[in-house]
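Fold and contact review
Residues per chain, in single letters:
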Amino acid sequence: MVKAYLRYEPAAAFGVIVSVESNITYDSSGKHLLAPALEKVGVWHVRQGVCTKTLAPSPASRGPSLAVTSIASSTSSLVASGYADGSVRIWDSEKGTCETTLNGHKGAVTALRYNKLGSLLASGSKDNDIILWDVVGETGLYRLRGHRDQVTDLVFLDSGKKLVSSSKDKFLRVWDLETQHCMQIVSGHHSEIWSIDIDPEERFLVSGSADVELRFYTIKRGLVDGQPVSTIKGAENVNNGDSTTQNKWEVLKHFGEIQRQSKDRVSTVAFNKSGNLLACQVAGKTVEIFRILDEAKAKHKAKRRLNRKKEKKSAKAEAEVMENGDTNHGTGEEGNALLVTAPDVFKLLHTVRASKKICSISFCPITPKNLLATLALSLNNNMLEFYSIESSGTTKTLGIELQGHRSDVRSVTLSSDNSLLMSTSHNAVKIWNPSTGSCLRTIDSGYGLCGLIIPDNKYARVETKGGYALVGTKDGTLEIIDIGSGTCLEVVEAHGGSVRSIAAIPNVNGFVTGSADHDVKFWEYELKQKSGQGTKCLTVSNVRTMKMNDDVLVVAVSPDAKYIAVALLDCTVKVFFADSLKFFLSLYGHKLPVLCMAISSDGDLIVTGSADKNLKIWGLDFGDCHKSIFAHADSVMAVQFVHNTHYIFSVGKDRLVKYWDADKFELLLTLEGHHADVWCLAISNRGDFIVTGSHDRSIRRWDRTEEPFFIEEEKEKRLEEMFESDLDNAFENRYVPKEEVPEEGAVALAGKKTQETVTATDLIIDALDVAEVELNRIAEHQEEKTRGKAAEFQPNAIMLGLSPSDYVLRALSNVNTNDLEQTLLALPFPDALKIMSYLKDWTSNPDKVELVCRIATVLLQTHHHQLVTTPAARPMLTVLKDILYARIKACKDTLGFNLAAMDHLKQLMASRSDALFRDAKSKLLEIRAQHSKRLDARLETREEKRKKKKQKKSRDGHSWT
């Protein structure tokens, strides 16, 4: 009889506030911050410091290590997130739902940017390509190819008509999106460009690289009388008219450089929403904030610089006259032209210094009163910080840190009733509710390597209020923690080396520890009253010590407390009698040290996991090795039996959790989810859930479901996944030479071949075959009917009561919008012809006009040469030529009518309402202009006062002489 097992599924992941692979960004309202949390995006309410919702892919669409690598928010509630597998998901952040998934890139998505309207999304990737996506139509428009290395950032220009991309290939490229070609390549950087941004008014573009300076460019918005127009009025003296013809199509014009304070490479450059601040974040602990001066101040600064230059020049000339007596020196008028440069416009205001290395920054789009801006920082120690920026300085206003560890989760332990979970890290112990994932307590501690929540049973003579816990540290100490009060009661100097393992002794009032100082120590719990305290507190006392020949890595006690197993650094496991400490067995066979082990509930089996990547299952009666299994692709870090069974869970540095049957020596399940080495494991008493902790700082809970599975089915599934995982490296594509992209760039299709597109192609071919058979049956029935022999026609039940034409249309309509092109590309020419024969019927459905046009366009582009030379296709093409144009025109007319009607309604509402529809931008510009005039007036009065003081001093000096 074939045995069925119950499946374990990922249920919750907690402990990650922000991961390092992606950027952070505010949503359009400025109330929420979107932070990457491995495969999820956390939506944090900034004022409350609480994660209100998480945007996570559904389990069906989730793959291994699907980390978020880029996030972008639009002007609406839509948010785009890019992933390590090249997919892009569009989310509604208010509803918390995934609107669509866009597949196109073959490498991790490294850059995402919406245009101002939020209708277009540009994505850049490690595959060196840029893809433009239609957010409304949920489809890829085209792929821009030209960069020789990873695309690092993207920016839209000129109302979304142009796109600027930066890359690790040290070049900026300007793309014209209307003609889909590269119109300018900007060189000049000496190292990889990591980030670019433009100010809201599109006057300047700034780029940051590993160079010591930030480079600035002015943006030419368009052509007036065939000549380019610069956005900077102060830059009119840059060009003297001699190079206008060759720079006619130049969009970016070099404006200057500013020296940075830090020597680290630039990670992010970003303007704030109002355009008066520029932040430059480096790959270190600092963010440099620059103030952007308005035109009048920039000119004033340039004037002062020019005056200083003149004074120096005249002083030098006078010195030469005195020395040589020569009066015929140059007038120096060539330097009199007022030229505004980057240092005149950008002035260093502050430097923000964070406590740890900064991963990403984001300006809040809403500026609070009395502040210049609010800046959010994500740090590489799983922390978010918020700073308010004022003219006088910067202040840290908030830090989100309690919901996660600052570094690796080194051990996890469940309480005896599974209601509490304790995790240890390099400087803190956290107590969690494992069912909700909420952090209940955070206690400062040493570097905790192992832990134990003291079992609350009749043998533990301790009246626990909330319970006690023990933590073994790297320093060799034992920390006694009161969970109820969240305090460390005592630190016991237990060992001379790091405490590697703690194991409770069942049915005995004590526990055992193993350490790198070669000692195995036995301890008992005691209640002692300290001086000055009314209540008794828990303490521990050492009752026995067993000396070993090498470092102790793990200790395990059998459930009947009869044996104690000790794993040593010499790759062996020694088993002793727990009462007399006499030697019983030596388990020898691992090639590298044993890092973990566990004894089954019935005491029959002991399983050991080693750095040699193997699991060995031993009999505890004679010490014979039942089976050695190559279990993980890297060191096995933890192993544990499910209570009262011979099922084993193991975790390793290969990021996987594996479920085994120790009697049949079979792999049952492989659970993927962690993004880094998995360090530790804990299983509930009933085996209904397991908890794992990882180097990625996450703690994950995996729940047992009621869904049964069979070993053979799982084996087949794994083989299918291996076969399907690498479609691009299929045999027919393996030796095809790579296409060389020309320097000026090229355009290609946006989508990519996936398992979904292959499946969709198969379904369409099946639908065409079924429809063809049905059409033949209908034709035969008609013939028989004319002869008078026909019985009643019975339609095919598979077609769900649809006509052959509608059945094929249904199959095409079910294809994801983004996958349609790739699905049709895979169709053979005879099947493409069959589809084209149905197009005429489908055009009569007004809802499907857009879909029919897309199908017709893709098939015509793909099979153009064959269609032209196929006589049977000509009548179809002639009919489609007349029908499609008419249908599209009718569709456009309907849309135009609806838009005009909505515009009319908007005007009616504006005329009836007191609150008129106003252009907020023009109002804002007006306020800014007034503000700058007031500042200029103040500066002028100050200058006048200074001049008067100088004149007065000079008069006083003359009168004194």
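Our subject is the structure listed above.
Note that this is a predicted model, so its numbers are computed, not measured.

1. Side note on the overall build of the chain
When helices and strands are tallied, the chain shows 12 helices and 58 strands. When burial is assessed residue by residue, the chain has 49% of its 961 residues classed as buried.

2. Section: the environment of N816
Structurally, N816 is set in the loop between α6 (804-813) and α7 (820-825). The spatial distance from the C-alpha of N816 to the C-alpha of E138 is 8.9 Å, given a sequence separation of 678 residues.

3. So, the nonpolar core
Judged by nonpolar contacts, the single largest core of 37 residues is most densely connected at I764, L812, L824, I835, L839, W842 and I855. Setting aside chain neighbours within four positions, we find I835 in contact with I764, L768, L812, L824, L827, W842, I855 and L859.

4. What to know about α6
For α6, a buried count of 7 out of 10 residues is recorded, marking the element as mostly surrounded by other parts of the structure. Inspection of α6 places P804, S805, Y807, V808, L809, A811 and L812 among the buried residues, and these make up the whole buried set.

5. Topic: the state of the cysteines
Under the definition given, this model contains 0 disulfides. Sulfur of C891: no disulfide; nearest cysteine sulfur belongs to C853 and is 7.9 Å away.

6. Focus: a negative patch on the surface
A contiguous patch of negative charge, built from D602, D604, D621, D624 and D663, is present on the exposed surface. Structurally, D663 is set in the loop between β53 (657-661) and β54 (666-671).

7. Structural notes on the sheet that holds strand β48 (residues 605-610)
The 4 strands are arranged β47-β48-β49-β50 in an open sheet whose pairing can be described as antiparallel. Bordering the open sheet on either side are β47 (594-599) and β50 (625-630), each of which pairs with just one other strand. The mean angle between the axes of side-by-side strands here comes to 15°, regardless of whether they run parallel or antiparallel.

8. Here we look at the pairing of strand β56 (residues 689-694)
Burial of β56 is extensive: 6 of the 6 residues sit out of reach of the surface. Both faces of β56 are covered, namely the face carrying F689, V691 and G693 and the face carrying I690, T692 and S694. As defined by bridge partners, strand β55 (residues 678-683) adjoins β56 across 5 bridges and the pair is classed as antiparallel. Note on β56: the bridge partner recorded for A682 is V691. Relative to strand β57 (residues 699-709), β56 runs antiparallel, the two being bridged by 5 bridges. Note that in β57 the partner of I690 across the bridge is W702. What sits between β56 and β57 in their antiparallel hairpin is a turn of 4 residues, with R697 showing a positive phi close to 75°.

9. As for the pairing of strand β24 (residues 277-282)
Here β24 lies mainly inside the structure; 6 of its 6 residues are buried. In β24, alternate side chains face the same way, and those of L277, A279 and Q281 on one face and L278, C280 and V282 on the other are all buried. Relative to β24, strand β23 (residues 266-271) runs antiparallel, the two sharing 5 bridges. In the strand pairing of β24, F271 is matched with L278. The turn joining β23 and β24, which pair antiparallel and follow one another in sequence, is formed by 5 residues; a positive phi near 80° is taken by G275. In the sheet, β24 pairs with strand β25 (residues 286-292) via 5 bridges, with the strands oriented antiparallel. By the bridge assignment, Q281 is partnered in β25 with V287. The antiparallel pairing of β24 with β25 creates a hairpin that spans 3 residues between the two strands.

10. A word on the pattern of salt bridges
Close approach of charged atoms allows side chains of opposite charge to pair. Applying the stated rule across the entire model yields 28 salt bridges. Notably, a salt bridge pairs D197 with R113, separated by 3.3 Å at the nearest N-O pair. In this pair, D197 is assigned in strand β18 (residues 193-198) and R113 in strand β10 (residues 109-114), connecting sequence segments 84 residues apart. You can call D197 buried: its relative accessible area is 8%. With relative accessibility at 23%, the residue R113 sits in the partly exposed group. Notably, a salt bridge pairs K547 with D519, separated by 3.0 Å at the nearest N-O pair. Placement of K547 in strand β42 (residues 536-547) and of D519 in strand β41 (residues 519-529) is noted, with a sequence separation of 28 residues between them. Taken together, the salt bridges that share partners define one network made up of D769, E772, D831 and K834.

11. What about the packing of aromatic side chains?
Considering all chains together, one arrives at 18 aromatic pairs under this definition. Where F204 meets F346, the ring centres are 5.2 Å apart and the plane angle is 70°; that geometry is what we call edge-to-face. On the criterion of sequence distance, the pair formed by F204 in strand β19 (residues 204-209) and F346 in strand β26 (residues 346-353) is long-range, its members being 142 residues apart. Like F346, F204 is buried. Here the aromatic rings of F649 and Y659 are separated by 4.5 Å at their centres, their planes lie at 10°, and the arrangement is stacked. With F649 in strand β52 (residues 647-652) and Y659 in strand β53, this residue pair connects regions lying 10 residues apart in the sequence. Members of the aromatic cluster, connected to one another through ring pairs, are Y5, Y8, Y647, F649, Y659 and F709. Cation over ring: R265 sits above W194, and NZ or CZ is 3.7 Å from the ring centre.

12. Considerations on the sheet that holds strand β45 (residues 573-577)
A sheet is described by the order of its strands in space; here 4 strands give the open sequence β43-β44-β45-β46, paired in antiparallel fashion. The open sheet is flanked by β43 (552-557) and β46 (583-587), the only strands paired with a single partner. The sheet shows a mean angle of 20° between the axes of neighbouring strands, direction not considered. With 5 bridges connecting them, strand β44 (residues 563-568) and β45 associate as antiparallel partners.

13. Side note on helix α11 (residues 873-912)
With 40 residues, α11 extends 58 Å from end C-alpha to end C-alpha; this agrees with the ideal 58 Å at 1.5 Å per step. At L880, α11 shows its largest bend, some 25°. Among the residues of α11, those classed as buried are A873, L880, I883, L884 and A910.

14. Some thoughts on a positive patch on the surface
A cluster of basic side chains, namely K303, K310, K947 and K950, defines a positive patch on the protein surface. Of all elements in the fold, only α1 (295-324) and α12 (920-960) reach the threshold of two or more residues within the positive patch. Relative to the helices and strands, K947 resides in helix α12. Classification of K947 as exposed rests on a relative accessible area of 54%.

15. Here's the deal with the side chain of T823
Tracing the backbone shows T823 in helix α7. A polar contact is formed between the side chain of T823 and the backbone oxygen of D819, at a distance of 2.6 Å. The residues touching T823, leaving out its near neighbours within four places in the chain, are T757, A760, T761, I764 and V815.

16. A few points about the packing of helix α8 (residues 829-842) against helix α9 (residues 849-862)
If you want to describe how two helices pack, look at the angle between their axes and the distance between the axes. One can describe the packing of α8 onto α9 by two numbers: an axis separation of 10 Å at closest approach and a directional angle of 150°. What the angle tells us is that α8 and α9 run roughly antiparallel. Our pair here, α8 against α9, has a crossing hand that is left-handed. Residues A832, I835, M836, L839 and W842 of α8 lie in contact with α9, whose contacting residues are V852, I855, A856, L859 and L860. When grouped by side-chain class, the residues that make up the contact of α8 with α9 number 10 nonpolar, no polar and no charged.

What counts, and where the lines are drawn
- Residues numbered from 1 in each chain as written.
- Predicted model: local features only at pLDDT ≥ 70, side-chain atom pairs only at ≥ 80, totals over all residues.
- Heavy atoms only, no water.
- Helix = DSSP H or I, 4+ residues; strand = E, 2+ residues; numbered from the N terminus.
- Buried < 20%, exposed > 50% of the residue type's maximum accessible area, 1.4 Å probe, protein only.
- Core = buried A, V, L, I, M, F, W, Y, C linked by side-chain atoms within 4.5 Å.
- Contact = heavy atoms within 4.5 Å.
- Disulfide = S-S within 2.5 Å.
- Patch = residues over 30% accessible without salt bridge, like charges linked within 9 Å, V, L, I, M, F, W, Y side chains within 5 Å.
- Areas by Shrake-Rupley, 256 points an atom, 1.4 Å probe, with all protein chains shown as cover.
- Salt bridge = Lys/Arg side-chain N within 4 Å of Asp/Glu carboxyl O.
- Lys, Arg positive; Asp, Glu negative; His and termini not counted.
- Charge placed at Lys NZ, Arg CZ, Asp CG, Glu CD.
- Pairing = 2+ DSSP bridges.
- Axes fitted to C-alpha atoms, helices over the stretch in contact; angles between N-to-C directions.
- Phe/Tyr/Trp six-rings, centres within 6.5 Å; stacked < 30°, edge-to-face > 60°.
- Lys NZ or Arg CZ within 6 Å of the ring centre and 35° of its normal.
- Expected span 1.5 Å × (residues − 1).
- Bend = angle between axes of the 7 residues up to and from the residue.
- Polar contact = N/O pair within 3.5 Å; in protein donor to acceptor, adjacent residues only side chain to side chain.
- Parallel < 35°, antiparallel > 145°, perpendicular 65-115°, else oblique.
- Left-handed = near helix turned anticlockwise from the far one by under 90°.
- Nonpolar A, V, L, I, M, F, W, Y, C, P; charged D, E, K, R; others polar.

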